[in-house]
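# Understanding the architecture of this molecule
Residues per chain are reported as follows:
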Amino acid sequence: MNKYQIKPEDTLVVFGRELIENTSYYLGPKGTIAAITNGMNCQNCHLDAGSKVLGNNYGSVASLYPKFRARSGAVENIYKRVNDCFERSLNGKAIDTAGKEMQAIVAYINFLG
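If you're wondering where the values come from, they're calculated on a predicted model, not measured in any experiment.

Let's shift gears to the packing of helix H5 (residues 78-89) against helix H6 (residues 100-112). Between H5 and H6, whose axes approach to 11 Å, the crossing angle comes to 110°. Here H5 lies roughly perpendicular to H6, going by the angle between them. Across the interface between the two elements, Ile-78, Tyr-79, Val-82, Asn-83 and Phe-86 from H5 touch Met-102, Gln-103, Ile-105, Val-106 and Ile-109 from H6. Along the lines of polarity and charge, the residues of the contact of H5 with H6 split into eight nonpolar, two polar and no charged.

Written out as structure tokens, the structure is:
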């Protein structure tokens, strides 16, 4: 295989970044995939798609989960944490943890970590 050939996991990472940057386009009120959020993008809070230093970045997220969260009083995995953002910050609905969108977001967060 050519060392520059895109692997399936790379396409998930790229799609994950795209979802973080353009959440509203894909999952907003008029989303092309689903209409489940308030129209904000993840990067409204996680600057530069979660890659900006001191910009609420995802740099350490992969290494911190699973972890105990006081809000729920339970140990949560990264999928639960992402869905908390969808339900609270984006005032929407949780996405399927086995679905392509969640897998892409988690792949991108892991890539940054």
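And the narrative resumes.
A few words on the side chain of His-46. Topologically, His-46 is positioned in the loop between helix H2 (23-27) and helix H3 (47-50). In this view, His-46 contacts Gly-55, Asn-56, Tyr-58 and Cys-85; residues no more than four positions away in its chain are not counted.

Counted by the stated rule, this structure contains four salt bridges. Arg-69 is paired through a salt bridge with Glu-76; the nearest N and O atoms lie 2.9 Å apart. With its nearest N and O atoms 2.7 Å apart, the salt bridge here joins Lys-80 to Asp-84. Placement of both Lys-80 and Asp-84 in helix H5 is noted, with a separation of four residues, approximately one turn of the helix. Here Lys-80 falls in the partly exposed class, since its relative accessible area comes to 36%. By relative accessible area, Asp-84 is classed as buried at 7%.

Following both chains from N to C, one finds helix H1 (residues 8-21) and H6 inclined at 100°, their axes separated by 7 Å at the closest point. Comparing their axes, H6 and H1 come out roughly perpendicular. Of the residues in H6, those touching H1 at Leu-12, Val-13, Phe-15, Gly-16, Arg-17, Leu-19 and Ile-20 are Lys-100, Glu-101, Gln-103, Ala-104, Ile-105, Ala-107, Tyr-108 and Phe-111. Counted by class, the contact of H1 with H6 contains 10 nonpolar, two polar and three charged residues.

The gaps left among the atoms become clear once a water-sized probe is rolled over them. A volume near 390 Å³ is recorded for the largest pocket. Looking at the largest pocket, it is lined by 22 residues, and the ones nearest its centre are His-46, Asn-56, Tyr-58, Arg-81 and Cys-85. Put simply, the parts of the chain that give the lining of the largest pocket at least two residues each are helix H4 (61-64), H5 and H6. Among the elements that take part in the lining of the largest pocket, H5 stands out by supplying six residues, more than any other. Residues that form the lining of the largest pocket fall into these classes: 15 nonpolar, five polar and two charged.

If you check H6, its first and last C-alpha atoms are 18 Å apart, about what 13 residues at 1.5 Å a residue would give, namely 18 Å. On its buried face, H6 is in contact with H1, H3, H4 and H5.

Parameters at a glance
- Residues numbered from 1 in each chain as written.
- Predicted model: local features only at pLDDT ≥ 70, side-chain atom pairs only at ≥ 80, totals over all residues.
- Heavy atoms only, no water.
- Axes fitted to C-alpha atoms, helices over the stretch in contact; angles between N-to-C directions.
- Helix = DSSP H or I, 4+ residues; strand = E, 2+ residues; numbered from the N terminus.
- Parallel < 35°, antiparallel > 145°, perpendicular 65-115°, else oblique.
- Contact = heavy atoms within 4.5 Å.
- Nonpolar A, V, L, I, M, F, W, Y, C, P; charged D, E, K, R; others polar.
- Salt bridge = Lys/Arg side-chain N within 4 Å of Asp/Glu carboxyl O.
- Buried < 20%, exposed > 50% of the residue type's maximum accessible area, 1.4 Å probe, protein only.
- 1 Å grid on protein atoms, 1.4 Å probe; cavity = no way out; pocket = protein on both sides within 12 Å on 5 of 7 lines; lining within 4 Å.
- Points joined across faces, edges and corners; volume = space filled by probe spheres on them.
- Expected span 1.5 Å × (residues − 1).

Such coordinate-based values are descriptive only and should not be taken to indicate function.
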